[in-house]
Amino acid sequence: MISSPYEKYKRSSVQTSTPGQLIIMLYDGAIRFVKAGLEGISSNDIAKANMNLGKAQTIISELMSTLNHSYDISKNLYALYEYMNYLLIQTNIKKKIESGEEVLGYLQELRETWVAVNKMTAGMSVSSEQ
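Residues numbered from 1 in each chain as written. Predicted model: local features only at pLDDT ≥ 70, side-chain atom pairs only at ≥ 80, totals over all residues. Heavy atoms only, no water.

Colleague: I would appreciate a short explanation of the overall build of the protein in the present structure.
Modeller: Per the secondary structure count, the protein includes five helices and zero strands. When the helices and strands of the protein are listed from N to C terminus, the series reads α-α-α-α-α. Across the 130 residues of the protein, 33% fall into the buried class. A sequence separation of at least 24 residues applies to 58% of the contacts in the protein between residues at least 6 apart. (Helix = DSSP H or I, 4+ residues; strand = E, 2+ residues; numbered from the N terminus. Buried < 20%, exposed > 50% of the residue type's maximum accessible area, 1.4 Å probe, protein only. Contact = heavy atoms within 4.5 Å.)

Colleague: I would appreciate a short explanation of the confidence of the model for the protein in the present structure.
Modeller: Interpretation of the predicted coordinates at a detailed level should be avoided for regions scoring low in pLDDT. Here the protein shows a mean pLDDT of 89. Residues at 70 or above account for 83%. When mean pLDDT is taken per element in the protein, helix 3 (residues 46-65) scores highest with 98 and helix 1 (residues 5-15) scores lowest with 57. (pLDDT = per-residue confidence, 0-100.)

Colleague: Looking at this structure, I do not really get the environment of Asn85. What am I missing?
Modeller: You can see Asn85 is positioned in helix 4 (residues 72-94). Judged by its relative accessible area of 10%, Asn85 falls in the buried class. Dropping the residues within four chain positions of it, Asn85 is found in contact with Gln57, Ile60, Ser61 and Met64. In this structure the side chain of Asn85 is engaged in a polar contact, spanning 3.4 Å, whose partner is the side chain of Ser61. (Polar contact = N/O pair within 3.5 Å; in protein donor to acceptor, adjacent residues only side chain to side chain.)

Colleague: Any chance you could explain unusual backbone geometry here in plain terms?
Modeller: If a residue is not glycine, its phi is most likely negative; likewise, a peptide bond is most likely trans. Residue Asn44 is not a glycine yet carries a positive backbone phi of 60 degrees. Looking at the secondary structure, you find Asn44 in the loop between helix 2 (19-42) and helix 3. For Asn44, a relative accessible area of 61% puts it in the exposed group.

Colleague: Please explain the packing of aromatic side chains as it appears in this structure.
Modeller: A ring pair, where both rings are aromatic, is described by two values, the distance of the centres and the angle of the planes. All told, the structure shown has one aromatic pair when counted by the stated rule. Seen from the ring of Phe33, Arg32 lies directly overhead, with NZ or CZ sitting 5.0 Å from the centre. (Phe/Tyr/Trp six-rings, centres within 6.5 Å; stacked < 30°, edge-to-face > 60°. Lys NZ or Arg CZ within 6 Å of the ring centre and 35° of its normal.)

Colleague: Please clarify how the pattern of salt bridges should be interpreted in this entry.
Modeller: Within the structure shown, the criterion is met by two salt bridges. Measuring nitrogen to oxygen at the nearest pair gives 2.3 Å for the salt bridge that ties Asp28 to Arg111. Of this pair, Asp28 sits in helix 2 while Arg111 sits in helix 5 (residues 97-129), placing them 83 residues apart in sequence. Take Asp28: its relative accessible area is 29%, and that puts it in the partly exposed class. (Salt bridge = Lys/Arg side-chain N within 4 Å of Asp/Glu carboxyl O.)

Here you go:
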């Protein structure tokens, strides 16, 4: 049972979002968890680093599993996601922030791309309805 209004809002926003919006939500979560993991490394809070980097890996694995392989770009995205997961593992094992920051850069760039795509497709659907 969902107890808090925030949980109800989150559930409702996920259920009413477009696929593009859901992808952006996944990127937002991965970015948030990588940042929290890097904060954990910086503050020498190993448990925080491990937990949050693991959550980011889970989201990236979800992004990998949702790729539509009928498009050529999916192969490239899959390889990039695989590389990001590798970097997150290295970040977690070696506690080196640089590889985590590299992942953060990729995630932020991909998120910006999805935001632009979402705006373009929203514009197309509005103009086609008129």
